[in-house]
Amino acid sequence: MKLELRGITKQFGSFTANDHIDLVVEPGQIHALLGENGAGKSTLMNVLYGLYEPTAGEIIVDGEPQKFDGPGDAMRAGIGMVHQHFMLVPVLTVAENVMLGDEYTKSAGMLDQRKAREVVRRLSKDYHLEVNPDVLVEDLPVGIQQRVEILKALARHAKVLILDEPTAVLTPQETDHLMDVMRSLKADGTSIVFISHKLREVRAIADTITVIRRGKVVGQADPSATPAELAALMVGRPVQLQVDKAPADPGDVMLGIEGLHVISPTGQVLVDDVSLQVRAGEIYAVAGVQGNGQSELTEAVVGLVEPTSGTISLDGRDITDTSTDEILGRGVGYVPEDRMHDGLIGSFSIAENLVLDTYDEAPFGNAVSLNLQEITKNATERVEEFDVRTQSAEAAASTLSGGNQQKVVLAREMSRPLKLLVISQPTRGVDVGSQEFVHKRIVAERDRGTAVLLVSTELDEVIGLADRVGVMYAGKIIGELPPTASAEEFGLLMAGQTATDAKEAS
Amino acid sequence: MSPELGKSDAIVESSVDTVEVSPGEVVTQHLVEVRMSTRRRIGIGVAIIVIGLIVALALAASAGSHSTRFDLNGANPGVSVPKFSLPGVTVIVICGVLIVLLGIAQLARGFGKRTMRWVGIGVAVLFLLGFLTWAGTEGKQPIQVGSLLQQTLFLATPLILGAMAGVMCEKTGVINVAIEGQMLFGAFAGALFGTIASNWVGLLAAVVIGALVGALLAVFAIKFMVNQVILGVVINAFALGLTGYLFDAIMANNGGGTNQPSVFNPIKIPVLGDIPVVGSLLFDQTIITYLMYVIVIVIDVMLVRSRWGLRTRAVGEHPKAADTVGINVLRLRYQNVIIGGGIAGLAGAALTIGSVGQFNKNMTSGQGFIALAALIFGRWTPRGALGAALFFGFASALQTALSLLATPVNIDSNLLQMLPYLATIFAVAGLVGRVRAPAADGEPYVKG
């Protein structure tokens, strides 16, 4: 099936997310859509999938112009989509999720569970997407959930499969498996639109590459193009992909974690016996696939979750049962992974957000009042120093782009003397241009003698920034590696195979 | 999990739960059953022992000298069973001792979460047996167990229907606090149309007006995205005001002209109705009760096994996921909320044409909220809600029965009237624990 987009434009108010985008996906082709976060890739795909109505433009399938009123229409036209945030209902089984919306029924609208199971088994076998049809989706790891999403599209006879950032949640091994699946789908004549901002993957799998920047198609590229060429096309200027840093000069132990356990109220072991030390002037990175306890580990360090057992010390003093306010006061900076949820108050101004943790201390205020002049002055300085692109420091934080929001959080956390910086997913949703800046600031903080605990699911970032790396899997630090280790070695650990396992297997 | 785990008594047993995610690929989940903290375990154990001691000592000491007679036959028994009597003090003491033993077991090792529920039920049943035996030791009247159960079902019917209305709405992601108001409208319409036309027209009118109020709820909740709890409270106030006004305007001074509907008479089902005890209890009922049976069974089966049920659960849990597979989220929500309203209207009809045959101002008097409590207590499942509503019905029935009985020590009627509400609070606070509502309950759905 040949899919063509002609002059697709999508506006949200005065903001143009897609601007006259043309795209042709040939049958049996893997077409990569490369662009930064916020470039308009997902918007375009949501238009194609019938979730958004385009402001202008046409979708043409096999020469026939289409009008999609909803995802149902798009599916009937043979378009399937694997969303970046999975569209699976956690409390339903795999088979139920696969048939949802297009159910197999017996008489009187009763479900035919047996047929649904058979369909799942058959497709699983044909495309090496093994999954047990009777398990609840909430019990599945994300990598397997993604298989369910693909099965869902295949069960609806998708001829064009859109994969929106499918590797974001996968280990390197799972990514390899996904690429095999993509190749076998392609061999069967299915076209694939592969959306990504990861240059390595795009070059490995794509037949053609279309690059999108600020809602416009800025060029076509061949998979043989170099990463630097692709990155420049994506960002619009040459980008430095490597982080420049001198070797670390570690000092005393700043952060000491001993036998830390965090158990959720439902009894799940989230952090399982973690012990680690971070010294002054070094960056310790926690690598691993999303959801293996990294968030809980950082939250325990800053006192946001109560450890079930174990101790945490800062510069030799125990802070296990200390309040977050006090921990921050002792010189800990915290950049949470979800900045809009935990890092900023969207409706507050940039100036207010910059003093969220110090508003009650001199010079910004005292027990009863705020010193607005000082707060404004501070905001002007920080905005300047951290290059926050905004009209005014009085603008609401929610009006900023992801990269600029992150700079506001960094500006707040890094502008007081720190002993320890805890920083989670520093560049998630941050454009490549700002990424450079964020990375430089983290290294500068290290060079000033601060201990840095970095959590990132982006392996490239971990390798580029870290002085030491611990890989977290199922709540445990299952191995420590130097950042010079190969992606293969990291991949095995991220998939939960310890070094001894790996040796036994080979 | 290391055995020397710090604040060490938080974990009872550690288990490894394996899920076969695909053939040959097993994911292990390290789960620990978090036991109640030691303090909580001791607290519950002591509480159970105190209850046991109250039964074994206080009740036994104050009991009368007679044996307690029990009568399992309700009103109009098809086939009656003979009355029997139990030796009063002996039975009371045995019940008390058994409860104390359960309490000691809890103190000693602590029951797991699941067993705890059965222990709770066991304590309740033993306490009840001991208490009823005590109440009958004056020997004047037998304990009318049969009519107590009949009364339970009678009082529970509107609660069960109200809770089913809640299931319909909340499973699909719309909070319905307006059950009370929908019931009130249903009760009013049932009485009015039951009088000026027939009880069947009254029944239909109750369902229709309940559905209309459901539609009102749906439009404001789904289209205008009003906060659903506040919306429900406002609809209740509206129902109370309007039915009160209409009652004054057309019913109060009109003798029997508008507020004297013919009530439904019980219909005895052949064969089933002749089973001793159970027959007169379950199968000699009004049409509204039979409709209630059907509604509970249909919702229970359909939610799990039908296309409608699958979609409803999906929409209540993750509406966006449902939307991306082509399900019309808003339409399904409208549909379910309106049907739910109709069921709540039927619950209201049970109060007038299924019962006393007369409408009074604010005659629901909080039963819609009790139904809502039953829904939550029953963990948003039809079966659970059914059980919870029966429990609340039983508490009310017991209150009435006790007030008519000459107990060895006179219990003040005001205290007795508190009983159903007290039971509600204890049930919801103590036995339910952590429950999970449908994930998108109360969240309006906006596309994109």
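Residues numbered from 1 in each chain as written. Chains lettered and ligands numbered in written order. Predicted model: local features only at pLDDT ≥ 70, side-chain atom pairs only at ≥ 80, totals over all residues. Heavy atoms only, no water.

- Under an unreviewed UniProt entry, the name given to chain A is ABC transporter ATP-binding protein, and the source organism is Flexivirga caeni.
- The Subcellular location (unreviewed entry) comment attached to chain A in UniProt states, word for word, "Cell membrane". (UniProt positions renumbered as here; feature names shortened; annotations may be inferred.)

1. Re the domain arrangement of chain A
Residues and elements named next belong to chain A.
Okay, step 1: Here chain A is described as being made up of domain 1 (3-235) and domain 2 (253-331 + 417-504).
Okay, step 2: Each of domain 1 and domain 2 has a C-alpha centre, and the two are 32 Å apart.
Okay, step 3: When the two sides are added together, the surface that domain 1 and domain 2 hide from each other amounts to roughly 950 Å², 58% of it contributed by carbon and sulfur.
Okay, step 4: Summed over the shared surface of domain 1 and domain 2, the result is one salt bridge.
Okay, step 5: Connecting domain 1 to domain 2 are one residue pair in polar contact (both at pLDDT 80 or more).
Okay, step 6: Class assignment for the residues of the side of domain 1 that touches domain 2 results in five nonpolar, four polar and three charged. (Domains from an automatic or database assignment. Buried area = accessible area lost by both parts, 1.4 Å probe. Salt bridge = Lys/Arg side-chain N within 4 Å of Asp/Glu carboxyl O. Polar contact = N/O pair within 3.5 Å; in protein donor to acceptor, adjacent residues only side chain to side chain. Nonpolar A, V, L, I, M, F, W, Y, C, P; charged D, E, K, R; others polar.)

2. Some thoughts on the packing of helix H10 (residues 307-317) of chain B against helix H12 (residues 329-356) of chain B
Geometrically, a packed helix pair is captured by the angle between its two axes and the distance between the axes.
Residues and elements named next belong to chain B.
Okay, step 1: With their axes 10 Å apart at the nearest point, H10 and H12 run at an angle of 105° to one another. In terms of orientation, H10 lies roughly perpendicular with respect to H12. Contacts between H10 and H12 involve Trp308, Arg311, Thr312 and Val315 from the former and Val329, Leu332, Arg333, Gln335 and Asn336 from the latter.
Okay, step 2: Its residues placed into classes, the contact of H10 with H12 shows four nonpolar, three polar and two charged. (Axes fitted to C-alpha atoms, helices over the stretch in contact; angles between N-to-C directions. Helix = DSSP H or I, 4+ residues; strand = E, 2+ residues; numbered from the N terminus. Parallel < 35°, antiparallel > 145°, perpendicular 65-115°, else oblique. Contact = heavy atoms within 4.5 Å.)

3. Quick notes on unusual backbone geometry
Residues and elements named next belong to chain A.
Okay, step 1: Residue Pro363 is bonded to the preceding Ala362 through a cis peptide linkage, with omega at 0°.
Okay, step 2: Looking at the element boundaries, Pro363 is found in the loop between helix H12 (350-353) and helix H13 (372-385).
Okay, step 3: Even without being a glycine, Asp62 presents a positive backbone phi close to 45°.
Okay, step 4: The topology assignment puts Asp62 in the loop between strand S4 (56-61) and strand S5 (64-66).
Okay, step 5: If you check the backbone angles, His157 has positive phi at about 60° while not being a glycine.
Okay, step 6: Along the chain, His157 turns up in the loop between helix H5 (142-155) and strand S7 (160-164).
Okay, step 7: By relative accessible area, His157 is classed as exposed at 61%. (Buried < 20%, exposed > 50% of the residue type's maximum accessible area, 1.4 Å probe, protein only.)

4. Concerning the sheet that holds strand S3 (residues 30-34) of chain A
Strand pairing in a sheet is mediated by backbone hydrogen bonds. Such pairs are either parallel or antiparallel.
All names here are of chain A.
Okay, step 1: Read from one edge to the other, the open sheet built from six strands follows the order S6-S7-S8-S3-S9-S10, with strand pairing classed as mixed. Strand pairing shows two members of the sheet lacking a second neighbour, strand S6 (79-82) and strand S10 (216-221), which therefore form its edges. Taken over all neighbouring pairs, the strand axes of this sheet differ in orientation by 20° on average, direction set aside.
Okay, step 2: Here S3 runs beside strand S8 (residues 191-196); their pairing, made up of five bridges, is parallel. Bridge assignment links Ala32 to a residue of S8, and that residue is Phe194.
Okay, step 3: Sitting on the sheet, H5 is in contact with S6 and S7, with an inclination near 170° to S6.
Okay, step 4: Sheet contacts for helix H8 (residues 227-235): S3, strand S9 (208-213) and S10; angle to S9, the most-contacted strand, approximately 35°. (Pairing = 2+ DSSP bridges.)

5. Some thoughts on a nonpolar patch on the surface
Residues and elements named next belong to chain B.
Okay, step 1: A surface patch of nonpolar side chains, amounting to about 550 Å² of accessible area, comprises Val89, Val93, Ile94, Val97, Leu98, Leu101 and Ile104.
Okay, step 2: Checked against the element boundaries, Leu101 lands in helix H2 (residues 88-108).
Okay, step 3: Classification of Leu101 by relative accessible area gives partly exposed; the value is 49%. (Patch = residues over 30% accessible without salt bridge, like charges linked within 9 Å, V, L, I, M, F, W, Y side chains within 5 Å. Areas by Shrake-Rupley, 256 points an atom, 1.4 Å probe, with all protein chains shown as cover.)

6. What about the nonpolar core?
Okay, step 1: The biggest cluster of nonpolar side chains holds 134 residues, and the ones touching the most others in it are Phe194(A), Ile209(A) and Phe359(B).
Okay, step 2: When sequence neighbours within four positions are dropped, the list of residues in contact with Phe194(A) reads Ile30(A), His31(A), Ala32(A), Leu33(A), Leu163(A), Pro166(A), Thr167(A), Met182(A), Glu201(A), Val202(A) and Ile205(A).
Okay, step 3: If you look at the next biggest cluster of nonpolar residues, it comprises 44 residues, including Ile283(A), Val335(A), Ile423(A) and Val469(A). (Core = buried A, V, L, I, M, F, W, Y, C linked by side-chain atoms within 4.5 Å.)

7. Concerning the UniProt feature "domain: ABC transporter" (unreviewed entry) in chain A
Okay, step 1: Using the residue numbers shown here, the UniProt feature "domain: ABC transporter" (unreviewed entry) corresponds to residues 3-239 and 255-499 of chain A.
Okay, step 2: Within residues 3-239 of chain A, the helical portion is 34% and the strand portion 26%, while the C-alpha atoms at the span's ends are 33 Å from each other.

8. Focus on the pattern of salt bridges
Two side chains of opposite charge can pair, provided their charged atoms sit close to one another.
Residues and elements named next belong to chain A.
Okay, step 1: The final tally for this structure, using the stated rule, is 34 salt bridges over all chains.
Okay, step 2: Residues Asp19 and Lys216 are paired through a salt bridge, measuring 3.7 Å at the closest nitrogen-oxygen approach. Separated by 197 residues along the polypeptide, Asp19 in strand S2 (residues 15-25) and Lys216 in strand S10 bring together distant segments of the chain.
Okay, step 3: When its relative accessible area of 22% is taken as the criterion, Asp19 is described as partly exposed.
Okay, step 4: Taking relative accessible area as the criterion, Lys216 reaches 44% and is therefore assigned partly exposed.
Okay, step 5: Where Arg76 meets Asp73, a salt bridge forms, and the shortest distance between an N and an O atom there is 3.1 Å.

9. Observations regarding the domain arrangement of chain B
All names here are of chain B.
Okay, step 1: Taken domain by domain, chain B consists of domain 1 (38-141) and domain 2 (147-414).
Okay, step 2: The centre of domain 1, based on its C-alpha atoms, is set 32 Å off from the matching centre of domain 2.
Okay, step 3: Listed by partner, the interface residues are 22 residues for domain 1 and 19 residues for domain 2.
Okay, step 4: Carbon and sulfur atoms make up 66% of the surface buried where domain 1 meets domain 2, a total of about 1500 Å² over both sides.
Okay, step 5: Linking domain 1 to domain 2 there are zero salt bridges.
Okay, step 6: The tally of links from domain 1 across to domain 2 stands at zero residue pairs in polar contact (both at pLDDT 80 or more).
Okay, step 7: Residue contributions to the side of domain 1 that touches domain 2 peak at six residues, all from helix H3 (residues 113-135).
Okay, step 8: Along the lines of polarity and charge, the residues of the side of domain 1 that touches domain 2 split into 11 nonpolar, eight polar and three charged.

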